[in-house]
Amino acid sequence: MTFNQVVWKMAKYHYKKYLFYLACNSLAILFFFMFMTVYFNEQLVALKEIEGIQSLLAIPGAALIVFTVFFISYAHQIFMKKRRSEFGLLMTLGMTKRDISKLLLIENSIIAVIAIIIGIGAGTIFSQFFFWLLLKGTGIQEVAFHLNADMFIYSIGAFMLVFIVSIAQSLYLTMNRDIMENLKTEKMTENTAFKHPAIGGIGVAFVVGSIIGLFVTYTDPDGGEYLMLWAMITFIGLYIALKHLTSFFIGLIKKNKNLYYGRLLYWTSIDHKYKQFTSIMILVTIMVMTTLLYSTIVFYGYTETGKEAIERNPYTIAFISTDSKNNLPADEVYAIFDEYENPVEEHFTIPVYFKFEWDDDGYPYTVTFMPLSAFNEVTASGFELQGKELIYHLNISTEDPESISYGRELRFSIDGEEILYDYTKVIGEKRFNYLDEFFIINDAELETLKGNLDGLEATAHFINVKDWKDSEEAVFTLEQAFKSYNATTPDLNVENILPEEELFYVDSLVSDYANRMNSEGIHFFVAIFLSVLFFIGSFLLLYIQLFSEIDREELRIRKLYRIGITSKEVKGLVSREITTIFMLPTLLGLMIALLYLIAMATDIGGVLANPGILFQFLLIAGIYFVILIIFLIYAKRKMFMEIAGFREE
């Protein structure tokens, strides 16, 4: 029998190892490719309403990179650990290390090619299905599934990079072991001699420091740019901490003799399993943390969309009119809303004056003036202004308006004289739609400006109707009526004036609500997409951890039966072990996600000021735990079925 025949017979006999290895690599590519279909979706990136979507993918992106590296590396380690005993046997039959190297390269090359084909193919199908399902559920029409070269290049490139490094490491280790080391490799355990609590403490300091850093920096204007950095430091700290502290905590438990000896088999088994599978437990922790945190943030934004739209739009409809633009009689405007059985309940107007300017960088901006008398009348205020005094109204809600300056000197040249206005007060309240920041000036001074500056005198209209949620069709009809009217009037001749479509649009609550719902709906879609991806990935990792060493588990349980342990006691022991393996990384991930959420919530006033976000976090965590328990029950039953065949008669 030739060597090729021997290798082929061994491969057919151990085909499950190859299928397991192929499945793991295919899944890694599938997950990464599905993420790339979102990250590089041109429509998602291009839509103006979701300009922040790529920064929102920072933490999931970091988690997926860690997942890909560990998942492929771990699958390769398991595969090679089971193969090295075969290599030792082949070496006893005369096969050289060069022959084994050649065999390794051929095997892994074939598996890599097949894994790429399966992973990309399955990723394309599942991505398209999820896009269709979730976009249909959210009602979003602006985004469609498509493929581009970047999705394939990054997915295949990332996989091959990790895969090649893993193969190189395996070749080095295998080729530097003698025959006996290769034969005994499956009986060798992880070396824990260099694990030390002090190093684990450094890992804890990394995690705590990254969360504190996020808490301190996140409220800064550029704080979000450091999110990826803090996430990576947290992940590194988790790896160091769990790698070195597990045995330390078991050692502390040993000092309590009643606690330790009361469940001796359980504690020794857990200590052994965590030494074997630390990397997987760390990875599952990261996946759980990312899923819970990301889902909560986006879900909170989605549910708060209506509230934010109302805060941004005090009135249902706002627009400006001049003598020749948007100047429909009030009765015609009211008739449009009456036609849709949504009558106007409030309508008032305020005179405004626009001066159009260009900044030093060549961008247009508008200086808006409002007469003091009109402002006082509408807002029931009693402000007084003299001469060149003015009030700067931000028209946004802010707790410290006095700290905000206009950023430019309000200086005009009138009859050859430079006129500079003085700020007497800054107001930070959201009072009107349509208008951005504006200046309140006394009536006489405003008339002087109108007579000496080339600007646009207009009237701002503010309307409330019976039901703003049912005003979309009426608003559209009003917009069309204004367009038809404006098309029949001459263009305005004002210096530096903005295009008509930028000035004479209808600013409506219902349109803003629809746009924000569309934007947040896309974020929500991405969150569900990635959460499902990570959710499945975390469970697969736990499942692989449980059943990849089933041969070794069989030997352990057979030994327990030999010393008199009953089937009921074995099931109880296995049940507690599986529960710990599932629950510990989940609870740890939940805790870190909660700390991240508290740190990031400082940007909106903290979780105490926004109890809804904490409630939604607990809701999502509860759903996660329900599904986890279902999967846990399935894993236990599967393991009990395996155990049933272990007992020696």
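Residues numbered from 1 in each chain as written. Predicted model: local features only at pLDDT ≥ 70, side-chain atom pairs only at ≥ 80, totals over all residues. Heavy atoms only, no water.

(A) A look at the overall build of the chain. The secondary structure content of the chain amounts to 23 helices and ten strands. Across the 649 residues in the chain, those meeting the buried criterion constitute 50%. Considering only intrachain contacts with a sequence separation of at least 6, the fraction spanning at least 24 residues in the chain is 85%. For the chain, the computed accessible surface area is about 32,000 Å², with 59% contributed by carbon and sulfur atoms. (Helix = DSSP H or I, 4+ residues; strand = E, 2+ residues; numbered from the N terminus. Buried < 20%, exposed > 50% of the residue type's maximum accessible area, 1.4 Å probe, protein only. Contact = heavy atoms within 4.5 Å. Areas by Shrake-Rupley, 256 points an atom, 1.4 Å probe, with all protein chains shown as cover.)

(B) Highlighting the packing of helix α13 (residues 278-303) against helix α22 (residues 567-600). Viewed as axis vectors pointing N to C, α13 and α22 meet at an angle of 40°, and their least axial separation amounts to 7 Å. Of the possible angle classes, the one that applies to α13 and α22 is oblique. Once α13 is placed against α22, the crossing between them reads as right-handed. Contacts between α13 and α22 involve Met281, Val284, Thr285, Val288, Met289, Leu292, Leu293, Thr296 and Ile297 from the first element and Ile581, Pro585, Thr586, Leu588, Gly589, Leu590, Ile592, Ala593, Tyr596, Leu597 and Met600 from the second. Here the residues of the contact of α13 with α22 are counted per class, giving 16 nonpolar, four polar and no charged. (Axes fitted to C-alpha atoms, helices over the stretch in contact; angles between N-to-C directions. Parallel < 35°, antiparallel > 145°, perpendicular 65-115°, else oblique. Left-handed = near helix turned anticlockwise from the far one by under 90°. Nonpolar A, V, L, I, M, F, W, Y, C, P; charged D, E, K, R; others polar.)

(C) Quick look at unusual backbone geometry. Positioned with a positive phi, Asn326 is a non-glycine residue whose angle comes to about 55°. For Asn326, the location among the structural elements is in the loop between β1 (317-321) and α15 (330-339). Its identity is not glycine, yet Tyr434 carries a phi of approximately 65°, on the positive side. Following the sequence through the fold, Tyr434 ends up in the loop between β7 (422-427) and β8 (438-441).

(D) Seen up close, a nonpolar patch on the surface. On the surface, a cluster of nonpolar side chains totalling about 660 Å² of accessible area is made up of Val204, Val208, Ile212, Phe215, Val216, Met591, Leu595 and Ile598. Along the chain, Val208 turns up in helix α9 (residues 197-217). Look at Val208 and you get partly exposed, because its relative accessible area is 42%. (Patch = residues over 30% accessible without salt bridge, like charges linked within 9 Å, V, L, I, M, F, W, Y side chains within 5 Å. Salt bridge = Lys/Arg side-chain N within 4 Å of Asp/Glu carboxyl O.)

(E) Fine view of the pairing of strand β4 (residues 389-393). β4 sits mainly inside the fold: four of its five residues count as buried. Two elements, β4 and β7, share five bridges in a ladder whose sense is parallel. Following the sheet pairing, Glu389 is matched in β7 by Asp422. Of the pairings in the sheet, the one linking β4 to β8 comprises four bridges and is antiparallel in character. What sits directly across from Leu390, in β8, is Ile441. (Pairing = 2+ DSSP bridges.)

(F) The arrangement of the pattern of salt bridges in detail. Applying the stated criterion to the full structure yields seven salt bridges. Here Lys355 ties to Glu357 by a salt bridge, and the two come within 3.0 Å at their closest N and O atoms. A salt bridge links Lys450 to Glu447; the nearest nitrogen and oxygen atoms lie 3.5 Å apart. You can see Lys450 and its partner Glu447 sitting in helix α17 (residues 443-452), three residues apart, about one turn around the helix.

(G) Local environment of the packing of aromatic side chains. One pass over the full model with this rule turns up 18 aromatic pairs. A ring pair is formed by Phe354 and Phe356, whose centres lie 6.3 Å apart and whose planes are at 25°; its orientation type is stacked. The exposure class of Phe354 is buried, given its relative accessible area of 3%. Ring centres 5.9 Å apart and planes at 65° place the aromatic pair Tyr392 and Tyr423 in the edge-to-face group. Taken together, the residues Tyr392 in strand β4 and Tyr423 in strand β7 connect sequence positions 31 residues apart. For Tyr423, a relative accessible area of 34% gives the class partly exposed. Connected via pairs of aromatic rings, a cluster forms that spans Tyr315, Phe348, Phe432, Phe438 and Phe462. (Phe/Tyr/Trp six-rings, centres within 6.5 Å; stacked < 30°, edge-to-face > 60°.)

(H) Main features of the sheet that holds β4. Overall, mixed pairing links the eight strands, which are arranged β7-β4-β8-β3-β2-β9-β1-β10 in an open sheet. On the outer flanks of this sheet lie β7 and β10 (507-508), each paired with one strand and no other. Inspection of the sheet shows β1 paired to strand β9 (residues 456-465) by five bridges, in the antiparallel sense. Within β9, the position partnered with Ile320 by the bridge is Ala460. Packing of helix α16 (residues 372-379) onto the sheet brings it into contact with β2 (344-358), β3 (364-371), β4, β7 and β8, and relative to β3 it is tilted by some 70°.

(I) Structural detail: the environment of Ser101. On the secondary structure map, Ser101 appears in helix α6 (residues 97-138). When the C-alpha positions of Ser101 and Ser170 are compared, they lie 9.8 Å apart, and in sequence the two are 69 residues distant.

(J) Molecular detail of the side chain of Thr379. Looking at where Thr379 falls in the secondary structure, it is placed in helix α16. Polar contacts involving the side chain of Thr379 include one to the main-chain carbonyl oxygen of Phe375, which spans 2.6 Å. (Polar contact = N/O pair within 3.5 Å; in protein donor to acceptor, adjacent residues only side chain to side chain.)

(K) Structural view of the side chain of His461. Within the secondary structure, His461 is located in strand β9. Residue His461 is classed as buried on the basis of its relative accessible area of 13%. A distance of 2.7 Å separates the side chain of His461 from the side chain of Ser321, its partner in a polar contact. If we skip the residues at most four places from it in the chain, His461 touches Ile317, Ala318, Phe319, Ile320, Ser321, His347, Phe348 and Thr349.

(L) Expanded view of the nonpolar core. Ranked by internal contacts, the top residues of the largest apolar core, which has 118 residues, are Leu292, Phe582 and Tyr596. Among all residues touching Leu292, those that are not within four sequence positions of it are Leu590, Ala593, Phe617, Ile620, Ala621 and Tyr624. In terms of nonpolar packing, the next biggest core, distinct from the first, is built from 28 residues, Phe356, Ala374, Ile391 and Leu435 among them. (Core = buried A, V, L, I, M, F, W, Y, C linked by side-chain atoms within 4.5 Å.)

(M) Looking closely at the packing of α13 against helix α23 (residues 611-644). Closest axis-to-axis distance for the α13/α23 pair is 9 Å, and the angle between their directions is 130°. By the criterion of interaxial angle, the relationship of α13 to α23 is oblique. The handedness of the crossing between α13 and α23 is right-handed. Of the residues in α23, those in contact with Val288, Thr291, Leu292, Ser295, Thr296, Phe299, Tyr300 and Thr303 of α13 are Gly612, Ile613, Gln616, Phe617, Leu619, Ile620, Ala621 and Tyr624. Looking at side-chain class alone, the contact of α13 with α23 contains ten nonpolar, six polar and no charged residues.

In short, shape yes, function no, at least from these values alone.
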